[in-house]
Amino acid sequence: MFRLLRLVIFTAFAFIAGILTERGNAQANCEDSNGQWTKQMCVRSDIPND
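**A word on a nonpolar patch on the surface**
Taken together, the side chains of M1, L4, L7 and V8 make up a nonpolar region of the molecular surface, amounting to roughly 490 Å² of accessible area. With respect to the helices and strands, M1 occurs in the segment before helix 1 (2-32).

Shown next as structure tokens:
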């Protein structure tokens, strides 16, 4: 029973760590492409100025 509980705890920890890593990568990619990171979304304009 303890092994099953430990498996669930480690799986949840790995899932949360993956989400936080992806969120950090998304923010870095947004800033590299001259976008503005707003809460959980990247806002940038891809419309060229003619």
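**As for the state of the cysteines**
The tally for this structure, following the rule as stated, stands at 1 disulfide. Paired by a disulfide, C30 and C42 hold their sulfur atoms 2.1 Å apart. On the sign convention where negative means left-handed, the S-S torsion of about 80° between C30 and C42 marks this disulfide as right-handed. Here C30, found in helix 1, pairs with C42, found in strand 2 (residues 41-43); they are 12 residues apart in sequence, far enough to count as distant.

**Notes on the confidence of the model for the protein**
In the predicted model, the protein carries a mean pLDDT of 85, and the fraction of residues at 70 or more is 88%. Of all secondary-structure elements in the protein, the lowest mean pLDDT belongs to strand 1 (residues 36-38), at 82, while helix 1 reaches the highest, 91.

**So, unusual backbone geometry**
Residue N34 is not a glycine yet carries a positive backbone phi of 60°. Tracing the chain through its elements places N34 in the loop between helix 1 and strand 1.

**Overview of the environment of K39**
Within the fold, K39 resides in the loop between strand 1 and strand 2. Placed 12 residues apart in sequence, K39 and Q27 show a C-alpha to C-alpha distance of 9.9 Å.

Criteria and cut-off values
Sequence order as written defines residue numbering, which begins from 1 separately in each chain. Residue-level local features of this predicted model are given only where pLDDT is at least 70; pairs of side-chain atoms are given and counted only at 80 or more, and the full residue set underlies all totals for whole chains, interfaces and linings. As a convention, hydrogens and water are excluded, and side-chain values are obtained from all of the structure's heavy atoms. Here a patch means residues that are over 30% exposed by relative accessible area and free of salt bridges, tied together within 9 Å if like-charged and within 5 Å if nonpolar (Val, Leu, Ile, Met, Phe, Trp, Tyr). Per-residue and other accessible areas were derived by the Shrake-Rupley procedure at a 1.4 Å probe size, with only the shown protein chains allowed to occlude residues. When a carboxyl oxygen of Asp or Glu lies within 4 Å of a side-chain nitrogen of Lys or Arg, that pair is called a salt bridge. What counts as a helix is a DSSP run of H or I of at least four residues, what counts as a strand is a run of E of at least two, and both are numbered from the N terminus. Disulfide assignment relies on a single distance test, namely cysteine sulfur atoms paired within 2.5 Å. Here pLDDT means the predictor's own confidence in every residue, given as a number from 0 to 100.

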